[in-house]
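Here's the letter readout for the chains.
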Amino acid sequence: MRYLGVGLVMLAGLFWGISGGIADILMDKGWDPIVISFYRGAVGFICFLAWFLVRFKQNWTTSPHLYIWSLLAGLGVAGNFTFYFLSIESSSIAVAATLVYSAPVFVLLVSFLRGIERSTWFKWGCIAGVLIGIILLTGAYNPESISVSFLGAAAGLAAGLCYALFIFGFKKTASIAKPQTTLTIAFFSFCLILLLFMNKGEAASVVTSSDLGWFVLLGILGAGISFILYVIGIRRTAPSTASMVAMVEPVTASLFGVMLLGDDLGLVQFLGMVLILATVTILSVKQSG
């Protein structure tokens, strides 16, 4: 059963990594990142709604706190998807995926400032390690030949912070409702939020375009199936193990970009990526141990 949980979490991470590559393909075809993000979430919402309706009576709840925290989770995932795709557009899949996974360290830094977490040399060392990794990954050590734009780096970090917001909201509903209920409400609010910002004409044109299949595949792999697999798998996996296995996503995204899309990742950038992922993994294992 333990290995089943690890396998499901790993498969979810694999699908998330592939979704970054699909989004990159769609952006190369001229589609707007916000429209791509909307369809990823909208197809996911349909999947979660079906999962919710299978046992409607057991899943239904009227708790006001559920809707508040689910709305917060929906805001977080909307920001995560959108900023992630904007980061890919301005940099590369490898850079964007790695920056997203550096977010836990910045959440830790905010926790220090608010007095939520106790400051230790180990934790400050992790923060320093991630900062050095970001400098190497983005090329900020040499301003004249910086390899990643400010927008690409900022969007990647913002995507990570938004993901942390989603996790925070999702965890707050754990004792109130089942995950399929939370995901259904969160992704419904996700769709409403992005409706306010996206180009509605372009979004409507997706339905009759030849790229519709790519959008559906992105939503199924990048939201619907992957989130369901992750939720089921995380229940059967220790937090420290899940933290390590989750690194499948940035690795898959990086390999997809370098091998299939021709992204160029220099040695210094590669070292920065390894430093960030290794530091975040060690921190996550230590925190959940």
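The rules behind each value
Residues numbered from 1 in each chain as written. Predicted model: local features only at pLDDT ≥ 70, side-chain atom pairs only at ≥ 80, totals over all residues. Heavy atoms only, no water. Helix = DSSP H or I, 4+ residues; strand = E, 2+ residues; numbered from the N terminus. Contact = heavy atoms within 4.5 Å. Areas by Shrake-Rupley, 256 points an atom, 1.4 Å probe, with all protein chains shown as cover. Expected span 1.5 Å × (residues − 1). Polar contact = N/O pair within 3.5 Å; in protein donor to acceptor, adjacent residues only side chain to side chain. Salt bridge = Lys/Arg side-chain N within 4 Å of Asp/Glu carboxyl O. Buried < 20%, exposed > 50% of the residue type's maximum accessible area, 1.4 Å probe, protein only. Phe/Tyr/Trp six-rings, centres within 6.5 Å; stacked < 30°, edge-to-face > 60°. Axes fitted to C-alpha atoms, helices over the stretch in contact; angles between N-to-C directions. Parallel < 35°, antiparallel > 145°, perpendicular 65-115°, else oblique. Left-handed = near helix turned anticlockwise from the far one by under 90°. Nonpolar A, V, L, I, M, F, W, Y, C, P; charged D, E, K, R; others polar. Core = buried A, V, L, I, M, F, W, Y, C linked by side-chain atoms within 4.5 Å. pLDDT = per-residue confidence, 0-100. Patch = residues over 30% accessible without salt bridge, like charges linked within 9 Å, V, L, I, M, F, W, Y side chains within 5 Å.

(A) Structural context of the overall build of the protein chain. Per the secondary structure count, the protein chain includes 14 helices and zero strands. Secondary structure elements of the protein chain occur, N-terminal to C-terminal, as α-α-α-α-α-α-α-α-α-α-α-α-α-α. Considering only contacts in the protein chain between residues 6 or more positions apart, those separated by 24 or more positions represent 86%. Of the roughly 13600 Å² of accessible surface on the protein chain, 71% is carried by carbon and sulfur atoms.

(B) Up close: helix α2 (residues 33-54). The end-to-end C-alpha separation of α2 is 32 Å, in line with the 32 Å expected for 22 residues at 1.5 Å each. Structurally, the start of α2 carries an N-cap: the backbone nitrogen of Ile34 is 3.0 Å from a side-chain oxygen of Asp32.

(C) Highlighting the environment of Ile36. Within the secondary structure layout, Ile36 lies in helix α2. Discounting chain neighbours no more than four positions away, the residues touching Ile36 are Ala23, Leu26, Met27, Trp31, Phe85, Phe215 and Leu218.

(D) Just the pattern of salt bridges, in detail. As enumerated under the stated definition, the model contains one salt bridge in all. With its nearest N and O atoms 3.4 Å apart, the salt bridge here joins Lys29 to Asp211. Note that Lys29 is positioned in the loop between α1 (2-28) and α2 and Asp211 in the loop between α10 (200-206) and α11 (212-235), a separation of 182 residues in sequence. For Lys29, a relative accessible area of 45% corresponds to the partly exposed category.

(E) Spatial organisation of the packing of aromatic side chains. Per the counting criterion, the structure on display carries 18 aromatic pairs. For the ring pair Trp16 and Phe227, a centre distance of 5.3 Å and an interplane angle of 70° mean the geometry is edge-to-face. Remark: Phe227 occurs in helix α11 and Trp16 occurs in helix α1; sequence separation between them is 211 residues. Overall, the relative accessible area of 7% leaves Trp16 in the buried class. A residue is classified by how much of its surface remains accessible, and Phe227, at 6% relative accessible area, is buried. What links up through ring pairs into an aromatic cluster is the set Trp16, Phe48, Phe81, Tyr163, Phe166, Phe170, Phe187, Phe190, Phe227 and Tyr230.

(F) Seen up close, the packing of helix α4 (residues 64-90) against helix α8 (residues 150-172). At a minimum axis separation of 7 Å, α4 and α8 run at an interaxial angle of 160°. The pairing of α4 with α8 is recorded here as roughly antiparallel in orientation. In this structure, the crossing between α4 and α8 has a hand that is left-handed. The residue inventory of the contact of α4 with α8, partitioned by class, reads 18 nonpolar, eight polar and one charged.

(G) The nonpolar core, seen in detail. Counting residues in each nonpolar core, the largest one holds 65 residues, and the members touching the most others are Ile36, Tyr84, Phe187 and Phe227. Setting aside anything within four residues of it in sequence, one finds Phe187 in contact with Gly41, Phe45, Phe48, Val77, Phe81, Ala223 and Phe227.

(H) Representation of the confidence of the model for the protein chain in the model. For the protein chain, mean pLDDT is 82; residues scoring 70 or higher make up 83% of the total. Model confidence for the protein chain, summarised as mean pLDDT per element, is weakest for helix α12 (residues 239-245) at 58 and strongest for α10 at 96.

(I) The arrangement of helix α9 (residues 179-195) in detail. Compared with the 24 Å implied by 1.5 Å per residue over 17 residues, the 24 Å span of α9 between its first and last C-alpha is a close match. Of all 17 residues making up α9, 14 are buried, and the element is well covered by its neighbours.

(J) Broad picture of a nonpolar patch on the surface. There is a patch of nonpolar side chains on the surface, built from Leu49, Leu53, Phe56, Trp60 and Tyr67 and spanning about 470 Å² of accessible area. With respect to the helices and strands, Phe56 occurs in helix α3 (residues 56-59). The class of Phe56 is partly exposed, set by a relative accessible area of 40%.

(K) Quick look at the packing of α9 against α11. α11 packs onto α9 with a crossing angle of 145° between their chain directions and a minimal axis gap of 11 Å. You can see that α9 and α11 cross each other, and the crossing is right-handed. Each of Pro179, Leu183 and Phe187 in α9 lies in contact with α11, whose residues at this interface are Ala223, Phe227, Val231 and Arg235. Classifying every residue of the contact of α9 with α11 by side-chain character gives six nonpolar, no polar and one charged.

(L) Examining the side chain of Ser70 more closely. Relative to the helices and strands, Ser70 resides in helix α4. The class for Ser70 is buried, based on a relative accessible area of 0%. Other than its neighbours up to four places away in sequence, Ser70 contacts Thr173, Thr182, Ile185, Ala186 and Ser189.

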